[in-house]
Amino acid sequence: MGILVEIGSFIKLQRTKKEMTQGELAKGIVSLSYLSKIENKKTDASPEIIQLLCTRLGIQLKDGFDASIQEKCKQWYNMLFEVNDKEEIITTYNELQEIMDTNLTDSLLMFEIHKIRYYLILGKLDKALVKINELNEMADSFDNLHKYYWYKFRGNYNSASGFFSQAMQLYKLAEEKSNRIDIEVKEIADLQYTIAITHSKLRNTLEVIEYAEKALDIYMKEYNFFRCAQSHIVLGISYRRIKMYEKAIKNYNLARHLGELNKDKQIIQLTNLNLGYLSSAKGDSKDAIHYYLQVVDDPEVEQNARLTSLTALIKEYYSINEIERTKEMIKKGFELIGTKDVEKHKVHYYVLNTYSYAINEQNNQFEKIVINELIPYLTNHKDYANIVVYANMLGNHFEELGKYKESVKYYKLANLTYEELVNL
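Residues numbered from 1 in each chain as written. Predicted model: local features only at pLDDT ≥ 70, side-chain atom pairs only at ≥ 80, totals over all residues. Heavy atoms only, no water.

**So, the packing of aromatic side chains**
Each aromatic ring pair is described using two quantities: the centre-to-centre distance and the angle formed by the ring planes. On inspection of all chains with the given rule, the structure shows 17 aromatic pairs. Here Trp76 and Tyr93 contribute two aromatic rings whose centre-to-centre distance is 5.7 Å and whose plane-to-plane angle is 35 degrees, an arrangement assigned as tilted. Here Trp76 is found in helix 5 (residues 67–82), whereas its partner Tyr93 is found in helix 6 (residues 86–102), with 17 residues between them in sequence. On the accessibility criterion, Trp76 (0% relative accessible area) is buried. Here Tyr277 and Tyr292 contribute two aromatic rings whose centre-to-centre distance is 6.0 Å and whose plane-to-plane angle is 65 degrees, an arrangement assigned as edge-to-face. With Tyr277 in helix 15 (residues 265–281) and Tyr292 in helix 16 (residues 285–296), this pair connects stretches of sequence that are 15 residues apart. Taken together, the ring pairs in this structure connect Trp76, Tyr77, Tyr93, Phe111, Tyr118 and Tyr119 into an aromatic cluster. Its guanidinium or amino end placed over the ring of Tyr211, Lys214 lies 4.4 Å from that ring's centre, counting from NZ or CZ. (Phe/Tyr/Trp six-rings, centres within 6.5 Å; stacked < 30°, edge-to-face > 60°. Helix = DSSP H or I, 4+ residues; strand = E, 2+ residues; numbered from the N terminus. Buried < 20%, exposed > 50% of the residue type's maximum accessible area, 1.4 Å probe, protein only. Lys NZ or Arg CZ within 6 Å of the ring centre and 35° of its normal.)

**Some details on the environment of Ser36**
Mapping Ser36 onto the fold places it in helix 3 (residues 32–39). Residues Ser36 and Gln22 lie 14 residues apart in sequence; the distance between their C-alpha atoms is 7.5 Å.

**Some thoughts on the packing of helix 5 against helix 11 (residues 185–201)**
Two measures define how a pair of helices packs: the angle their axes make with one another and the distance between the axes. Orientation of helix 5 relative to helix 11, taken along the N-to-C sense of each, is 35 degrees, at an axis distance of 12 Å. Considering how the two elements wind past one another, helix 5 and helix 11 form a crossing that is left-handed. On helix 11, the residues that touch Asn78, Phe81 and Glu82 of helix 5 are Lys186, Glu187 and Asp190. (Axes fitted to C-alpha atoms, helices over the stretch in contact; angles between N-to-C directions. Left-handed = near helix turned anticlockwise from the far one by under 90°. Contact = heavy atoms within 4.5 Å.)

**Digging into the pattern of salt bridges**
Counting across every chain of the model gives 18 salt bridges. The salt bridge partner of Glu175 is Lys172, with a shortest N-O separation of 2.9 Å. In this pair, Glu175 and Lys172 are both assigned in helix 10 (residues 164–178), three residues apart and thus about one turn of the helix distant. On the accessibility criterion, Lys172 (34% relative accessible area) is partly exposed. Several salt bridges converge on common partners, so that one network encompasses Glu112, Lys115, Lys131 and Glu134. (Salt bridge = Lys/Arg side-chain N within 4 Å of Asp/Glu carboxyl O.)

Okay, structure coming up:
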């Protein structure tokens, strides 16, 4: 019986989930100290004792492989992989949890590890962390397959939390484990794409290109056009950063072509957003504005993408002194966020207020929001590129007011941050 090897950890897991004390579980079956040894894998209990403990926990000890449970789990894992309809994911999870609550099977550990991914998809980072801490006590006994997902999903958690260096360390451990296990090529491509994205966050441009091209090669063979398009966008971003604009444009155009083939508005407009960034980097405001407007004016594009493009558009109009157009876009931004989604779109809300205060010469409010809210937020999220933008904006603001000491302070912050950005 494979599960008996780690039965102590599973019993502990089920006991804590049912909020039972060790004393409540052990009473009349074993001593408290003996149960503690079982749970901490310091002794091997007899099958009879294990059966009694499982009975008290209200669970059946399944003997070996259970095809029906395994198949149900696989179905759910695939939903998490593709990030399907959340309601369907939640429904299937609840069905599986009911099975796991009453059966101790070989599928339980993989199910518990996948809960990390599940909570992340639902945006419940606190629950994902609780699950990570809960499973950490068992991690030493994971086999290579379990370790692969353990490292990958913990990487996902760190990435979602903005800790990209830690995420990268975990993804590299997952990559090392992937060489020792038999997994589908789509899973290998997904890890390579994820590593490319993380390198992009860390501004490791050459590594982004290496991993995005690896992932792209698999996606092309698998005819996964959506992922191909995403890989081309990541490559385009990297080539833009190293000022290889022709290669960047080529990749963006390939992404947009694939988006048009699939009638995927999100991909098409993500491409337009990045073409806007590229045009702005080249100093071509007219083209940048054209691309940003494509996204802003498309009601089918999801809210965050429209707001991202809108704030980029505000920066562009403001930089060329198109004040009335800047005001129009600020108003549009506040309407798009509304009153309910301020917390969800906090950075956009800060940016809208920043430019509103700057245009209306509300100096105190401008200084407060940029110094106390926006720059700390950007620092916390390691958004160095925008720290440079808003530190320079503050430097210029204080210089115009004749506050040269404050002006120098923020110009210095912009320069130091830019140096850090270049050296990343």
